[in-house]
Amino acid sequence: MSETTVTVESSSTGGSCCGSCGTGAAEAPAAAAERAVFQVKGMTCGHCVSSVTAELEKVAGVTEVAVDLATGRVTVDSTAPLADTDVATAIDEAGYALIGRIGA
């Protein structure tokens, strides 16, 4: 009997085909000048992922955002180091709470 492998690709927002249910897992963005990982509280679905991503993309210097809905971790690539206050403001604008920076 032969074995079949199926590969499923998810959108960059970590959602399913429409991005509203959050069933997909976003991959970490490609390497950039700076990378920071943050813990965010309150995200529960693909809409949450989209909102956080959209607000963080407005922060000056941000080049890529990846959200892991299951863990609440948000990886942000940027051209220069980001101020935690700028990240906290963006996440607050999206309607969620920044717990803190992970690993630095």
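Higher on the page you've got the structure.
Our subject in this report is the structure included herewith.

Rules of the game
The written sequence of each chain sets the order in which its residues are numbered from 1. The predicted nature of this model means local features are confined to residues of pLDDT at least 70 and side-chain atom pairs, given and counted, to a pLDDT of 80 or more, with totals for whole chains, interfaces and linings taken over all residues. Excluded from the side-chain calculation are hydrogens and water; included are all heavy atoms of the structure. Helix and strand assignments follow DSSP, with helices taken as H or I runs no shorter than four residues and strands as E runs no shorter than two, numbered in order from the N terminus. For the exposure calls, accessible area comes from a 1.4 Å probe over protein chains only, and a residue counts as buried if that area is under 20% of its type's maximum, exposed if over 50%, partly exposed in between. Contacts between residues were defined by any pair of non-hydrogen atoms, one from each residue, lying within 4.5 Å. By this rule the span expected of a helix is its residue count minus one, scaled by 1.5 Å. What makes a salt bridge here is a side-chain nitrogen of Lys or Arg within 4 Å of a carboxyl oxygen of Asp or Glu, nothing more.

**Regarding the overall build of the protein chain**
Of the regular secondary structure elements, the protein chain holds two helices and four strands. Relative to its 104 residues, the protein chain shows a buried fraction of 37%. Put simply, of all contacts in the protein chain between residues at least 6 apart along the chain, 62% involve residues at least 24 apart.

**Here we look at helix α1 (residues 46-57)**
With 12 residues, α1 should reach 16 Å at 1.5 Å per residue; the first-to-last C-alpha distance of 16 Å fits that figure. Taken residue by residue, α1 has Gly-46, Cys-48, Val-49, Ser-51, Val-52, Thr-53, Glu-55 and Leu-56 as its buried positions. Next to the buried residues of α1 lie β2 (62-68), β3 (73-78) and α2 (84-94).

**Quick notes on the environment of Cys-48**
Residue position: Cys-48 is located in helix α1. On the accessibility criterion, Cys-48 (4% relative accessible area) is buried. Considering only alpha carbons, one finds Cys-48 and Gly-95, 47 residues apart in sequence, at a separation of 8.5 Å. In this structure Cys-48 touches Gly-42, Met-43 and Tyr-96, once residues within four positions along its chain are discounted.

**Section: the pattern of salt bridges**
All told, the structure shown has three salt bridges when counted by the stated rule. Between Asp-84 and Arg-101 there is a salt bridge, and its shortest N-O distance comes to 2.5 Å. Taken as a pair, Asp-84 in helix α2 and Arg-101 in strand β4 (residues 97-102) lie far apart in primary sequence, 17 residues in all.

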